[in-house]
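Close look at the chain arrangement
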Amino acid sequence: MAQDSRAESPAQTDREAFLRANILSILYHELGHAVIDLEGLPVFGKEEDAADVASVLLVELLHSPEDALQIARASAEGYKGEDILRAKAGDEIALWGEHSPDMQRLYNLVCLHYGADPDGRAAFAEAFALPEERASLCEEAFDLAWDSWTPVFDAMQARTDGAPITLHTDRDGPIADLLAKEVALLNAAYAWPEPLAMHYERCEEVNAFYDADLRAVIFCVEYVDHLDSLYDVVN
Ligand SMILES: [Zn+2]
């Protein structure tokens, strides 16, 4: 597994790295929803797919290439794990769902991440068996995603009278620490048109979501527990 060069201690286990990567990837997805809502962006298609794209781009923008690769790999494995769990439970793929099916989210993520650096990330695309038919389109797909989202992120970066993200949690330990560090990183990079809260708390469900009424991203403790068990599904 790639060594995280910037943010974490080298003593991180594979399980911790998997957990961290999936938490960050999901967090950025929820922030994608928050950006769409608070910046009043038009959405010409499925918002869930747009949030997935935002997540891939935030990984690129906020992390070193080595770290981004590790995050993308673990997130793709996370989708694979979700699909394995679905099949084990005997559930059909929810084509009616708000989110794209997990394996499609996997390929979309792999395609965009690969498309950011096709020469450097060919092995990554191969590891997830991205067919050439799709791979040949990924650089263009990444460029389109980049050109669509980066003006928004650039404006958030340039904003001088903006508001920060505030973390609310009564928990401590490595996940609370990770979120605190992440919020600090995000606040150093971006300013929001209005205050955005982030809650890390028990919710009685396995979920993470953006609540537009509360202007808050809610990350449920139960979701972290689920991601932890997902590591065993794919390893
Ligand atoms: Zn979503």
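The present account deals with the structure reproduced in this document.

1. Some remarks on the nonpolar core
- Counting residues in hydrophobic clusters, the biggest one holds 72 residues, and the most contacted among them are Ile23, Leu31, Trp149, Trp192 and Phe219.
- For this core, the element with the most residues is helix H1 (residues 14-38), which contributes 13 residues.

2. Considering the packing of aromatic side chains
- As enumerated under the stated definition, the model contains six aromatic pairs in all.
- By way of ring pairs, the aromatic residues Trp149, Phe153 and Tyr190 are connected into one cluster.

3. Let's talk about the packing of H1 against helix H9 (residues 221-234)
- One can describe the packing of H1 onto H9 by two numbers: an axis separation of 10 Å at closest approach and a directional angle of 125°. Between H1 and H9, the angle is such that the two are oblique. Read as a crossing pair, H1 and H9 show a hand that is right-handed. Taking contact as the criterion, the partners of Asp14, Arg15, Phe18, Leu19, Asn22, Ile23 and Ile26 in H1 are, on H9, Tyr223, Val224, Leu227, Asp228, Leu230, Tyr231, Asp232 and Val234.
- A class-by-class count of the residues in the contact of H1 with H9 yields 10 nonpolar, one polar and four charged.

4. Regarding the state of the cysteines
- Applying the stated criterion to the full structure yields two disulfides.
- One disulfide in the model links cysteine 111 with cysteine 138; its S-S distance is 2.0 Å. The chirality of the disulfide connecting cysteine 111 with cysteine 138 is left-handed, given an S-S dihedral of about -115°. Of the two residues, cysteine 111 is situated in helix H4 (residues 102-115) and cysteine 138 in helix H7 (residues 138-158); the sequence distance between them amounts to 27 residues. A single burial state applies to cysteine 111 and to cysteine 138, both of which are buried.
- Residue cysteine 203 pairs covalently with cysteine 220 via a disulfide, S to S 2.1 Å. Handedness of the cysteine 203-cysteine 220 disulfide follows from its S-S torsion of about -110°: it is left-handed. Here cysteine 203, found in the loop between strand S2 (196-201) and strand S3 (208-211), pairs with cysteine 220, found in strand S4 (residues 216-220); they are 17 residues apart in sequence, far enough to count as distant.
- Assessed through its relative accessible area of 0%, cysteine 220 is described here as buried.
- Look at the chain and number its bonded cysteines as they come in the sequence; the links are 1-2, 3-4.

5. Thoughts on unusual backbone geometry
- Phi is positive for alanine 129, close to 55°, though the residue is something other than glycine.
- Structurally, the position occupied by alanine 129 is in the loop between helix H5 (122-127) and helix H6 (132-135).

6. Focus: the sheet that holds S3
- Spatially, S1-S2-S4-S3 is the arrangement adopted by the four strands of the open sheet, whose pairing is mixed. The open sheet is flanked by strand S1 (165-168) and S3, the only strands paired with a single partner. Recorded for the sheet is a direction-independent mean angle of 20° between the axes of neighbouring strands.
- Examined bridge by bridge, S1 and S2 share four bridges and lie parallel to one another. Pairing of isoleucine 165 across the sheet is with leucine 196, part of S2.
- Across the sheet, helix H8 (residues 174-189) lies against S1 and S2, angled at about 170° from S1, the strand it touches most.
- In the packing of H9 onto the sheet, contacts are made with S2, S3 and S4, and the angle to S4 comes to roughly 50°.

7. Observations concerning the layout of surface pockets
- Taken as a whole, the largest pocket spans an internal volume of roughly 1100 Å³.
- Among the elements of the structure, H1, helix H2 (47-62), helix H3 (65-88), H4, S3 and H9 are those that each provide at least two residues to the lining of the largest pocket.
- For the second largest pocket, the calculated volume is near 480 Å³.
- Lining the second largest pocket are 17 residues; nearest its centre among them are Phe44, Ala50, Val53, Ser148 and Trp149.
- Elements with a minimum of two residues in the lining of the second largest pocket: H2 and H7.
- When residues of the lining of the second largest pocket are assigned to their parent elements, the largest contribution, six residues, is made by H7.

The rules behind each value
- Residues numbered from 1 in each chain as written.
- Predicted model: local features only at pLDDT ≥ 70, side-chain atom pairs only at ≥ 80, totals over all residues.
- Heavy atoms only, no water.
- Core = buried A, V, L, I, M, F, W, Y, C linked by side-chain atoms within 4.5 Å.
- Buried < 20%, exposed > 50% of the residue type's maximum accessible area, 1.4 Å probe, protein only.
- Helix = DSSP H or I, 4+ residues; strand = E, 2+ residues; numbered from the N terminus.
- Phe/Tyr/Trp six-rings, centres within 6.5 Å; stacked < 30°, edge-to-face > 60°.
- Axes fitted to C-alpha atoms, helices over the stretch in contact; angles between N-to-C directions.
- Parallel < 35°, antiparallel > 145°, perpendicular 65-115°, else oblique.
- Left-handed = near helix turned anticlockwise from the far one by under 90°.
- Contact = heavy atoms within 4.5 Å.
- Nonpolar A, V, L, I, M, F, W, Y, C, P; charged D, E, K, R; others polar.
- Disulfide = S-S within 2.5 Å.
- Pairing = 2+ DSSP bridges.
- 1 Å grid on protein atoms, 1.4 Å probe; cavity = no way out; pocket = protein on both sides within 12 Å on 5 of 7 lines; lining within 4 Å.
- Points joined across faces, edges and corners; volume = space filled by probe spheres on them.

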